[in-house]
Amino acid sequence: MSKENTNSKEQLKQVQKDLALTVEELSDVYEEISILYHISQSFSGLTIDDICNKLLDEVAINLDVKTVSILLLDEERPEAYTAVSTGKWAPDKVIAKGDNIIWHAIERNKPQVFCDINNTPHKKICPDLQAIMVCPLTGKKKKVGVILTGEKTSGEEFFASDSKFLMAIASQAALAIENAYLHQELEGFFFGTVMAFVKAIESRSHWTSGHSERVTRYALAIAHQMNMDRSFIERLRICGLLHDIGKIATPIEILDKRGELDDNELIEVEQHPLTGSSILSELKQFRDITDGIRYHHEKWDGNGVHEKLKGTEIPVMARIISVADAFDAMTSDRPYRKKLSFEKALNELIVHSGKQFDPDIVDAFMQVKDALFL
Ligand SMILES: [Fe+2]
Ligand SMILES: [Fe+2]
């Protein structure tokens with residue numbers, strides 16, 4: 001074989017080897033990217049607690065470590081508190097702002113990696129650990145906390161690839177936590193507004209005081225029993241609190257009237273589901289809440305007041321409110337009648353199951369009644 005041929009064969013072998021290495025590296029990078037993509041997707045829409053728990057699991061699995069702790073910054077105090085932890089990090093540990101590795105990571109906005117923390121002035125932070133990595137959780141606009149990890153199952157120290165991975169997952173998690181905080185703030189604001197509405201409704205007549213909150217409590221218990229999802233339950237909570245908001249337009253003399261209502265007064269009161277849904281009709285993203293309000297006096301057999309919807313034509317939110325509402329109305333004093341006992345009111349629900357009420361919802365209420373009134 002000529003020398004030229006041998007050289008080109010060797011060159012080819014080298015190219016093949018390089019190519020195999022590149023492919024291997026690419027496949028590692030691809031795997032890392034797809035893990036990160038999968039993790040960042042799985043964070044969306046979660047609460048802060050759920051994000052922290054998920055982050056802890058992902059770090060423990062992907063870095064193969066026994067100790068992981070997620071610390072979040074206290075909004076009011078210069079402290080980082082442990083939100084979740086596993087392994088050798090105490091679950092209630094709070095780290096005050098100061099000269100320590102947690103706050104170095106936060107303030108320098110850089111990961112801190114130690115092969116043996118016991119040979120540094122920071123050994124007190126977690127005396128049972130040797131190799132430690134601390135990575136800041138920094139969102140788009142604010143710092144939210146840190147991830148601390150240690151104790152690789154293999155007993156090895158951390159490599160540059162480990163801190164790179166931790167940084168990548170930390171930035172995804174920090175964005176998710178920042179969004180969840182924002183969502184929480186907006187929710188608080190929204191809920192505050194809803195409660196102001198509730199007070200406005202109930203302050204008009206002492207006869208209905210506490211009604212919206214009790215209806216909400218019963219409705220939520222029914223929805224849990226029916227395994228409705230979290231988003232439905234959150235919207236049902238608002239619907240329960242606001243279901244009688246339309247009564248804000250009902251004359252107080254009618255609300256407080258002792259004795260039977262005449263036909264005109266009855267028509268006036270019966271307007272409240274329509275008035276209520278029209279007040280809230282601007283909240284387009286809460287369409288099912290306004291429908292829940294609009295149809296909460298429809299009847300399962302189609303003999304309701306307004307649109308005479310029948311059976312499952314009535315939105316399920318309205319059907320749940322209907323049972324909860326009727327039960328609270330029957331078990332509360334009204335200016336024109338005394339309240340019924342719980343037993344009698346429960347019996348009324350059974351008597352009217354399949355007529356006024358969705359039988360499945362009456363069944364669900366019967367399942368949870370003991371837990372509600374114990
Ligand atoms: Fe009502
Ligand atoms: Fe009501």
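Before reading further, recall that the structure is shown in the block above.
This one's a predicted model, so the numbers in the text were calculated from it and none came from an experiment. Along every chain, residues carry numbers that run from 1 in the direction the sequence is written. To label them, take the chains in the order written and letter them from A, then take the ligands in the order written and number them from 1. Predicted model: local features are reported for residues with pLDDT of at least 70 only, side-chain atom pairs are reported and counted for 80 or more only, and whole-chain, interface and lining totals are derived from all residues.

> In this structure, what is going on with the environment of Q356? I would like to understand it.
Within the secondary structure, Q356 is located in the loop between α12 (342–351) and α13 (359–373). Sequence-wise, Q356 and I35 are 321 residues apart; in three dimensions their C-alpha atoms are separated by 52 Å. Residues are treated as contacting if the C-beta atoms built from their backbones sit within 7 Å of each other. Once residues within four sequence positions are removed from consideration, Q356 is found in contact with K299 and W300. Runs of H or I in DSSP of at least four residues are treated as helices and runs of E of at least two as strands, each being numbered from the N terminus.

> Honestly, the environment of I102 in this entry has me stumped. Any pointers?
Tracing the backbone shows I102 in helix α3 (residues 101–108). Labels follow a simple rule on C-beta atoms placed from the backbone: if 20 or more others lie within 10 Å of a residue's own, it is buried; if 12 or fewer, it is exposed; otherwise it is partly exposed. For I102, a count of 25 C-beta atoms within 10 Å corresponds to the buried category.

> Honestly, the nonpolar core in this entry has me stumped. Any pointers?
Generally speaking, soluble globular proteins have nonpolar side chains that are buried together. Formed by 44 residues in total, the largest nonpolar core has its most connected members in V59, I102, V134, V146, I147, L166 and A173. The element contributing the most residues to this core is helix α4 (residues 160–202), with nine residues. Working definition: the nonpolar core is a set of buried Ala, Val, Leu, Ile, Met, Phe, Trp, Tyr and Cys residues, joined through C-beta atoms within 7 Å. Ranked by size, the runner-up nonpolar core spans 34 residues in total, among them I222, I314, F357 and F365.

> Would you mind going over the pairing of strand β6 (residues 143–152) with me for this structure?
Looking along a regular strand, one sees the side chains alternate between the two faces of the sheet. Burial analysis of β6 places eight of its ten residues in the buried class, the great majority of the element. Being paired, for any two strands, means DSSP has found at least two bridges between them. Strand direction decides the pairing type here: strand β1 (residues 65–73) and β6, joined by seven bridges, are antiparallel. By the bridge assignment for β6, T67 is matched with G150. Bridge count between strand β5 (residues 132–138) and β6: seven bridges; the pairing is antiparallel. Counterpart to P136 in the pairing with β6 is V146. Linkage of β5 to β6, two consecutive antiparallel strands, is achieved through a turn of four residues.

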